[in-house]
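Read off the chains here:
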Amino acid sequence: MAAFVKSSCSWIPRFISYRGLSSLNSNLRDTKDLLIKYNGGTVDLVKDTTTGIATISLNNPGKKNALTGKMMVELADNISELETWGGGKGLILTGTEGSFCSGGDLDFVKKVLTPELGFQMSCFMHDTLSRLHQLPMISVALIQGGAFGGGAELTTACDFRTMTESARIGFVNIKMGVITGFSGGTRLTRILGQRKALDILCSGRSLDCNDAKTIGLVDLVIPDMDSLDKTKSWLIKNYCTWDTEIIRRVKQVTLAAAEMDIETSLARERILFSQLWGGPAQKAAVSKNLKHN
Ligand SMILES: CC[C@@H](C(=O)O)C(=O)SCCNC(=O)CCNC(=O)[C@H](O)C(C)(C)COP(=O)(O)OP(=O)(O)OC[C@H]1O[C@@H](n2cnc3c(N)ncnc32)[C@H](O)[C@@H]1OP(=O)(O)O
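If you're wondering where the values come from, they're calculated on a predicted model, not measured in any experiment.

Student: Hey, could you go over the site of the ligand for me, with residue numbers and the actual values?
Tutor: For the ligand, the set of nearby residues contains 18 residues, the closest of which are S102, G104, L106, G150 and N173. Between an oxygen atom of the ligand and a main-chain N or O atom of G62, the distance comes to 3.3 Å. Note that a nitrogen atom of the ligand is positioned 2.8 Å from one of the backbone N or O atoms of S102. If the ligand stood free it would expose 1,000 Å²; the protein chains cover 57% of that surface. Of the residues contributing to the shell around the ligand, the split by class is eight nonpolar, seven polar and three charged.

Student: Residues and numbers for the pattern of salt bridges, please.
Tutor: Using the criterion set out here, one finds eleven salt bridges in the structure. A salt bridge links E81 to K47, with the shortest nitrogen-to-oxygen separation between them at 3.0 Å. Residue E81 is found in helix α2 (residues 69–83), and its partner K47 is found in strand β3 (residues 42–48); the two are separated by 34 residues along the sequence. Residue classification places E81 among the partly exposed positions, given a relative accessible area of 37%. Owing to a relative accessible area of 32%, K47 belongs among the partly exposed residues under this scheme. Ionic contacts of the salt-bridge type, sharing partners, join the residues K63, D105 and D107 into one network.

Student: Describe the environment of P115, naming the residues involved and giving the relevant values.
Tutor: Counting through the fold element by element, P115 comes out in helix α4 (residues 115–133). Put simply, P115 and G145 are 30 residues apart on the chain and 31 Å apart in space, counted from C-alpha to C-alpha.

Student: Outline the layout of surface pockets, listing residues and values.
Tutor: For the second largest pocket, the calculated volume is near 620 Å³. Around the second largest pocket sit 21 residues that line it, and H133, R187, R190, L255 and E259 are the ones nearest its centre. For the lining of the second largest pocket, the secondary-structure elements that each account for two or more residues are α4, β8 (160–164), α6 (184–192) and α10 (244–259). By residue number, the principal contributor to the lining of the second largest pocket is α10, which donates six residues. When grouped by side-chain class, the residues that make up the lining of the second largest pocket number seven nonpolar, eight polar and six charged.

Student: Which residues make up the nonpolar core, and what values go with them?
Tutor: Grouped together as the largest cluster of nonpolar side chains are 52 residues, with contacts concentrated most on L58, L67, M72, M125, L154 and I169. Setting aside anything within four residues of it in sequence, one finds L154 in contact with L58, L67, L75, L93, F100, C101, M125, L129 and F182. I92, F160, I222 and C240 belong to the second largest nonpolar core, which has eleven residues in total.

Student: Give a description of the sheet that holds strand β6 (residues 138–143) that names residues and reports values.
Tutor: Within the open sheet, the six strands sit side by side as β3-β4-β5-β6-β8-β11. Their pairing is mixed. Two strands bound the open sheet, and with one partner strand each, they are β3 and β11 (220–222). Strand-to-strand, the axes of this sheet are offset by a mean angle of 20°, without reference to chain direction. As defined by bridge partners, strand β4 (residues 53–59) adjoins strand β5 (residues 90–95) across six bridges and the pair is classed as parallel. Residue T55 lies in a different strand from β5, and its bridge partner there is I92.

Definitions and limits used
Residues numbered from 1 in each chain as written. Predicted model: local features only at pLDDT ≥ 70, side-chain atom pairs only at ≥ 80, totals over all residues. Heavy atoms only, no water. Near = heavy atom within 4 Å. Polar contact = N/O pair within 3.5 Å; in protein donor to acceptor, adjacent residues only side chain to side chain. Areas by Shrake-Rupley, 256 points an atom, 1.4 Å probe, with all protein chains shown as cover. Nonpolar A, V, L, I, M, F, W, Y, C, P; charged D, E, K, R; others polar. Salt bridge = Lys/Arg side-chain N within 4 Å of Asp/Glu carboxyl O. Helix = DSSP H or I, 4+ residues; strand = E, 2+ residues; numbered from the N terminus. Buried < 20%, exposed > 50% of the residue type's maximum accessible area, 1.4 Å probe, protein only. 1 Å grid on protein atoms, 1.4 Å probe; cavity = no way out; pocket = protein on both sides within 12 Å on 5 of 7 lines; lining within 4 Å. Points joined across faces, edges and corners; volume = space filled by probe spheres on them. Core = buried A, V, L, I, M, F, W, Y, C linked by side-chain atoms within 4.5 Å. Contact = heavy atoms within 4.5 Å. Pairing = 2+ DSSP bridges. Axes fitted to C-alpha atoms, helices over the stretch in contact; angles between N-to-C directions.

Written out as structure tokens, the structure is:
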């Protein structure tokens, strides 16, 4: 756990040491042991080996798929499983029974209301969402029903977002007396830019599908009916018809470009490119005399 020093408000901790990922990892194990005790709901992973599309479903329908501690652990475990799935092209993150996720389970939240426990939960969810974002596959959040607080934050870790016509998304954390704990503040700002993100985060207002599409938070609005099938078709048709190794490398190039300095990113791109050069997909394509008009 990071050290605390006295701040101007006596109850607000100031973290003076961030000891890097290796020390964070050991803390993550402790946090996992803590979180798993807060029961309720499941997070279910299905891998379709035919299409290469995985689906993660948040499942706590009695609470609009609010996240319990145990669900946070299951989400992390699902991401670990996807990290080892070489056949993955795409991922859909969604919720069951017409809802996406109403944020942290408030019954759980009430039991962990100390800055230390908040920091532990936040580290854990930051790690999970960073690993989700860095998966070498194209990820889409299907927002149906509502995505609120931590639920809205989850959507920002995906590459794309689809949203049903009747759904709403709200970064309501400010109305709950806090700011984004699952990394959604940083991620939303990267998606929308600082001015729009500040508007959304500081107003705490909920957006319908038209607002969300207009500001660029959502990529596709779909009818409520068969929204999972429609999202899956959109994902496959637009991005996942190509060879698995190519899709995974394109994702890795864009991640490197977004998150590394330019020389490191260019070096990574050269290696990823040369691993495909002369391979079966390229040989098949060049033998076809393709016209791209
Ligand atoms: C940990 C991160 C933290 C943060 O940083 O802010 C959070 O995410 S805190 C949680 C933030 N989310 C909320 O505050 C959502 C509160 N809930 C609502 O606004 C509404 O319930 C809803 C999500 C808009 C749905 O409204 P509606 O369709 O009218 O259904 P109900 O209100 O009747 O809800 C059904 C049922 O579900 C319970 N519920 C909903 N959300 C949560 C939640 N986050 N935690 C626990 N329980 C939740 C709600 O209380 C109802 O229960 P019953 O009354 O027992 O039927």
